[in-house]
Amino acid sequence: MRSVAKGAAGRPVRRFGVRPEYPESAPLAAIAPATALVPEAALPAPAPARRPASGRPASGAPEAPPQLPLDQILLGDSVHEMSALPAGCADLVFADPPYNLQLGGELKRPDESRVDAVDDAWDQFESFQAYDAFTRAWLLAARRALKPNGTLFVIGSYHNIFRVGAMMQDLGFWILNDIVWRKANPMPNFRGRRFTNAHETLIWAARSADAKYTFNYEALKAGNDDVQMRSDWLFPLCTGQERLKDGAGRKLHPTQKPEALIARILLSATRPGDVVLDPFFGSGTTGAVARRLRRSFIGIEREESYAEAARARIDAVEPLHEDALLAPPSAREAPRVAFSALVDRGFVTPGAELTDAKGRFRAVVRADGTIALSGGQNVGSIHRVGALAQGAEACNGWTFWHVEQEGRRHPIDTLRARLRAEMGIAAE
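The sections below set out a description of the structure shown in this document.

### Details of the packing of aromatic side chains
Then step 1. Applying the stated rule across the entire model yields 11 aromatic pairs.
Then step 2. Look at W138 and F280: their rings are 5.4 Å apart centre to centre, the planes differ by 85°, and that puts the pair in the edge-to-face class. Residue W138 is found in helix α2 (residues 128-145), and its partner F280 is found in the loop between β7 (275-278) and α6 (285-292); the two are separated by 142 residues along the sequence. For the pair formed by W138 and F280, the shared burial category is buried.
Then step 3. Here the aromatic rings of F215 and Y217 are separated by 6.3 Å at their centres, their planes lie at 55°, and the arrangement is tilted.

What follows is the structure, given as structure tokens:
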């Protein structure tokens, strides 16, 4: 079994159960680009840069770029370990930070049996100010580690997610969605004083407002019965065989996330070969899913028992065959095809009639690739004429106009897909 990576000699690695102090205030104005370092006031003392296994470069030789610890678990403090990574190294960061649940005393069921709640030292903070300082520190370190077009997913509960979201906006992240993980089997509210807490919230954010981030829209829609994927996701809590247990049969980690939830995230916003950074690695769900989906991961975990269990779990995962992970090209990546190309290649002949899906509007295809509404008064592109027919400002002519073949109406977009397929074959 591969070993868990230790901190480099001299690196300030956290003693278990002891939380480093993080600065509570640092200038927000100078937000560093992905290739720059975070202002020194914002982070603990930086750890020494990682060197390749071959050691120091020869005297006078250019400094070799630091090697990424891909598919490794780094044992230590998340902020220190992220600050040692090369800037702009991660395509996606998934963070499941401490929730700061602020539990007071034991939680019991009506029969007086004890609930195995999250009461570990790593989830306890002295004050909201201390939690905010910790949140600011790890968010700045994560932002530095992200590539310019990378994205961040953070999951939390009502105890912390609003504080985290506000801090993300203050630090320059651009929020894309908030996603509700609706639990199919939530823990009941034993005291009957509140609503059953049946969900957690994910915030998905780009590193900046102009980031060209990955979103596998077409694949998600196709897997959802050709319906757009919504921002409310229904998954059960992690139970049964998937739940890691210790030697006494108790759950190893109190907040282990279901693999289906992490898979949805990685399939949404990464591609095979991308680097996924998880600074709160826990029982290794992110690493296990990344390996199965042929993504690389970097995990950071402060508790050695969690890290060792995660390593054994990941080593047992068999990656899926590459054919199972091939995603259809997005519409933005597909080669541009004009309607006139369909006419030129004979997919649609001049004089053919186009209609909408219900046959209310009709247009005639012209030899130059434009179309004309019945009567010939309005001539233009498939998009412009489609908008004119409906009295709308805009129209996607590819999905609006249909052609009749073998007694059935088909959107002309299906003809475009056939031409694109032929173009792809020809290119090979």
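### Overview of the environment of L237
Then step 1. Within the fold, L237 resides in the loop between β6 (232-235) and α5 (259-269).
Then step 2. The spatial distance from the C-alpha of L237 to the C-alpha of R182 is 9.5 Å, given a sequence separation of 55 residues.
Then step 3. Not counting chain neighbours up to four residues away, the residues in contact with L237 comprise W181, K183, N185, P186 and M187.

### Examining the sheet that holds strand β11 (residues 371-373)
Pairing between sheet strands relies on hydrogen bonds along the backbone, with the strands arranged either parallel or antiparallel.
Then step 1. Read from one edge of the open sheet, six strands run β12-β11-β10-β9-β13-β14, paired in antiparallel fashion. Among the strands making up the open sheet, the edge pair consists of β12 (379-380) and β14 (408-411).

### Concerning the nonpolar core
The tendency in soluble globular proteins is for nonpolar side chains to be buried as a group.
Then step 1. Within the largest apolar cluster, 33 residues are counted, with the highest numbers of intra-cluster contacts made by W138, L139, L152, V154, M168, F173 and L277.
Then step 2. Looking at this core element by element, the count peaks at nine residues for α2.
Then step 3. The contacts of W138, once residues within four sequence positions are left out, are S78, V79, M82, A95, P97, V154 and F280.
Then step 4. Formed by 31 residues, the second largest nonpolar core is a distinct cluster that contains F153, W181, W204 and I314.

### Focus: the side chain of R302
Then step 1. Of note, R302 is situated in the loop between β8 (296-301) and α7 (304-315).
Then step 2. On the basis of relative accessibility, which here comes to 10%, the residue R302 falls in the buried class.
Then step 3. Within polar-contact distance, the side chain of R302 engages the side chain of E303 at 3.3 Å.

### Quick look at the packing of α5 against α6
Then step 1. Running from N to C, α5 and α6 point in directions that differ by 55°, and their axes come no closer than 9 Å. Looking at the two axes, α5 sits oblique to α6. For the pair α5 and α6, the sense of crossing is right-handed. Mapping the contact onto sequence places E259, I262, A263 and L266 in α5 and T285, T286, A288, V289, A290 and R292 in α6.
Then step 2. Of the residues belonging to the contact of α5 with α6, the class tally is six nonpolar, two polar and two charged.

### Some remarks on α6
Then step 1. α6 sits mainly inside the fold: six of its eight residues count as buried.
Then step 2. Along α6, the residues classified as buried are T285, T286, G287, A288, V289 and A290.
Then step 3. On its buried face, α6 is in contact with β2 (90-95), α5, β7, β8 and α7.
Then step 4. One or two steps after α6, the chain reaches R294, where phi turns positive at roughly 60°.

### Digging into the pattern of salt bridges
Then step 1. Scanning the entire structure with this criterion turns up 13 salt bridges.
Then step 2. Residues D413 and R416 are paired through a salt bridge, measuring 2.8 Å at the closest nitrogen-oxygen approach. Within this pair, D413 and its partner R416 are both found in helix α11 (residues 412-427), separated by three residues, close to a single helical turn.
Then step 3. Looking at D413, the relative accessible area reads 26%, which means it is partly exposed.
Then step 4. Assessed through its relative accessible area of 14%, R416 is described here as buried.

### A short note on the pairing of β14
Then step 1. Judged from the four bridges that link them, strand β13 (residues 402-405) and β14 form a sheet pairing that is antiparallel. Across the sheet, residue V403 finds its bridge partner in β14, namely H410.
Then step 2. As consecutive antiparallel partners, β13 and β14 are separated by two residues, and within that stretch E406 has a phi angle of approximately 55°, a positive value.

How each quantity is defined
Residues numbered from 1 in each chain as written. Predicted model: local features only at pLDDT ≥ 70, side-chain atom pairs only at ≥ 80, totals over all residues. Heavy atoms only, no water. Phe/Tyr/Trp six-rings, centres within 6.5 Å; stacked < 30°, edge-to-face > 60°. Helix = DSSP H or I, 4+ residues; strand = E, 2+ residues; numbered from the N terminus. Buried < 20%, exposed > 50% of the residue type's maximum accessible area, 1.4 Å probe, protein only. Contact = heavy atoms within 4.5 Å. Pairing = 2+ DSSP bridges. Core = buried A, V, L, I, M, F, W, Y, C linked by side-chain atoms within 4.5 Å. Polar contact = N/O pair within 3.5 Å; in protein donor to acceptor, adjacent residues only side chain to side chain. Axes fitted to C-alpha atoms, helices over the stretch in contact; angles between N-to-C directions. Parallel < 35°, antiparallel > 145°, perpendicular 65-115°, else oblique. Left-handed = near helix turned anticlockwise from the far one by under 90°. Nonpolar A, V, L, I, M, F, W, Y, C, P; charged D, E, K, R; others polar. Salt bridge = Lys/Arg side-chain N within 4 Å of Asp/Glu carboxyl O.

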